[in-house]
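# Analysis of the macromolecular model
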Amino acid sequence: MLKTLSVALYLTMVASISSAVLPGSVSAAEVTTIEWTDLMPEEDLKALQQMPEVQHDYSQPSPFDDNYQGDDPAAQQWQQILSSAKVVEKYNNTKVRVPGFIVPLEFDSEQNVTSFFLVPYFGACIHVPPPPPNQIIFVSGAKNLKADMIYSPFWISGTLTTEVMTHDLGQSAYSIKADTIEEYTY
């Protein structure tokens, strides 16, 4: 989990360094480029940073198992972090630009992705435990986004709200109505 979070942090660090606005995108003066860690309340981020290194001892019950009954305080803290839907209210109704990967939820008749979860690292919600809800953004209003494009990162710009969205694949604590969707470039 920490390795995938470090990949997400690297992606956001690169995103903040490369803040040049591409042609056709919303003006830099109109939007705030945010990092995924900006969406975590300070107490969640501090708790995550204080977590011990993950041990991959599969002979023991895992705190990631649905039926985990252990009393390990670190495991309980992991569970709290992984289920946190606490939001940073200052971003509610703010124009933002954030990089991430797409987890498709809905398609149109031509199989274009029309709504999706934006997540900080590739493969989230599929092969690993999903990020906490405050690290998932529900995005609506996508246009001309082909299903085979989901393997690349994208910049999403739009108005961020603290509106919860629940789906079989996960729950987001934030939502964006997309103004622009651009392939992420380094």
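Residues numbered from 1 in each chain as written. Predicted model: local features only at pLDDT ≥ 70, side-chain atom pairs only at ≥ 80, totals over all residues. Heavy atoms only, no water.

## A word on the overall build of the protein
The following threshold applies: Labels follow the DSSP assignment, with helices taken as runs of H or I lasting at least four residues and strands as runs of E lasting at least two, numbered in each case from the N terminus. In what follows, a contact means two residues having at least one pair of non-hydrogen atoms within 4.5 Å. A 1.4 Å probe and the Shrake-Rupley method give the accessible areas. Residues count as covered only by the protein chains that appear here.
Of regular secondary structure, the protein possesses three helices and eight strands. Going from N to C terminus, the protein has its helices and strands arranged as α-β-α-α-β-β-β-β-β-β-β. Contacts in the protein between residues at least 24 apart in sequence constitute 69% of all its contacts with a sequence separation of at least 6. Accessible area for the protein stands at about 10100 Å²; split by element, carbon and sulfur atoms hold 52% of it.

## Focus: the packing of aromatic side chains
For any two aromatic rings, the description comes down to two numbers: the centre-to-centre distance and the angle of the planes. Inclusion rule: Pairing of aromatic rings covers Phe, Tyr and the six-membered ring of Trp, with a centre-to-centre limit of 6.5 Å; geometry is then stacked below 30 degrees between planes, edge-to-face above 60, and tilted otherwise. Exposed residues in this analysis have more than 50% of their type's maximum accessible area, buried residues have under 20%, and partly exposed residues fall in between, with area computed by a 1.4 Å probe over protein chains only.
Applying the stated rule across the entire model yields four aromatic pairs. Taken together, a centroid distance of 6.4 Å and an interplanar angle of 80° make the contact between Phe 117 and Phe 138 edge-to-face. Note that Phe 117 is positioned in strand β3 (residues 112-119) and Phe 138 in strand β4 (residues 137-146), a separation of 21 residues in sequence. Note on Phe 122 and Tyr 151: the rings are 6.0 Å apart at their centroids and 45° apart in plane angle, and the pair reads as tilted. Of the two residues, Phe 122 sits in the loop between β3 and β4 while Tyr 151 sits in the loop between β4 and β5 (154-161), which places them 29 residues apart along the sequence. Tyr 151 shares its class with Phe 122; the two are exposed. Taken together, the ring pairs in this structure connect Phe 101, Phe 122 and Tyr 151 into an aromatic cluster.

## A few points about unusual backbone geometry
In the Ramachandran plot, Asn 93 falls in the positive-phi region, its phi being about 60° despite a non-glycine side chain. Among the secondary structure elements, Asn 93 is positioned in the loop between α3 (73-82) and β2 (94-107). Overall, Asn 93 belongs to the exposed group, its relative accessible area being 56%. The backbone of Gln 111 shows a phi angle near 65°, a positive value even though the residue is not glycine. Its location among the elements puts Gln 111 in the loop between β2 and β3.

## Brief notes about the environment of Val 88
Positionally, Val 88 belongs in the loop between α3 and β2. Beyond its immediate sequence surroundings of up to four residues, Val 88 is in contact with Asp 38, Leu 39, Met 40, Pro 41, Thr 162 and Tyr 174.

## Observations concerning helix α2 (residues 42-49)
Put simply, the test is: Of all possible arcs, the one meant is that of the directions from the helix axis to the C-beta atoms.
Buried residues of α2: Asp 44, Ala 47 and Leu 48, and no others. Seen from one end, α2 has its buried residues packed into an arc of 100°, which puts them on one side. Exposed residues pointing more than 90 degrees away from the buried face of α2 are listed as Glu 42 and Gln 49.

## Some points on the environment of Ile 176
Here Ile 176 shows up in strand β8 (residues 174-183). For Ile 176 and Phe 138, which are 38 residues apart along the polypeptide, the C-alpha to C-alpha distance reads 6.2 Å. Other than its neighbours up to four places away in sequence, Ile 176 contacts Val 96, Val 98, Ile 137, Phe 138, Val 139, Ser 140, Ile 156, Ser 157, Gly 158, Thr 159 and Leu 160.

## Remarks on the pattern of salt bridges
The test is simple: For salt bridges, the criterion is a side-chain nitrogen of Lys or Arg within 4 Å of an Asp or Glu carboxyl oxygen.
A complete count under the given rule lists two salt bridges for this structure. Ionic pairing is found between Asp 44 and Lys 86, a salt bridge with its closest N-O pair at 3.7 Å. In this pair, Asp 44 is assigned in helix α2 and Lys 86 in the loop between α3 and β2, connecting sequence segments 42 residues apart. The partner of Asp 179 in a salt bridge is Lys 95, with the nearest N and O atoms 2.6 Å apart. Residue Asp 179 is found in strand β8, and its partner Lys 95 is found in strand β2; the two are separated by 84 residues along the sequence. Residue classification places Lys 95 among the partly exposed residues on the basis of a relative accessible area of 31%.

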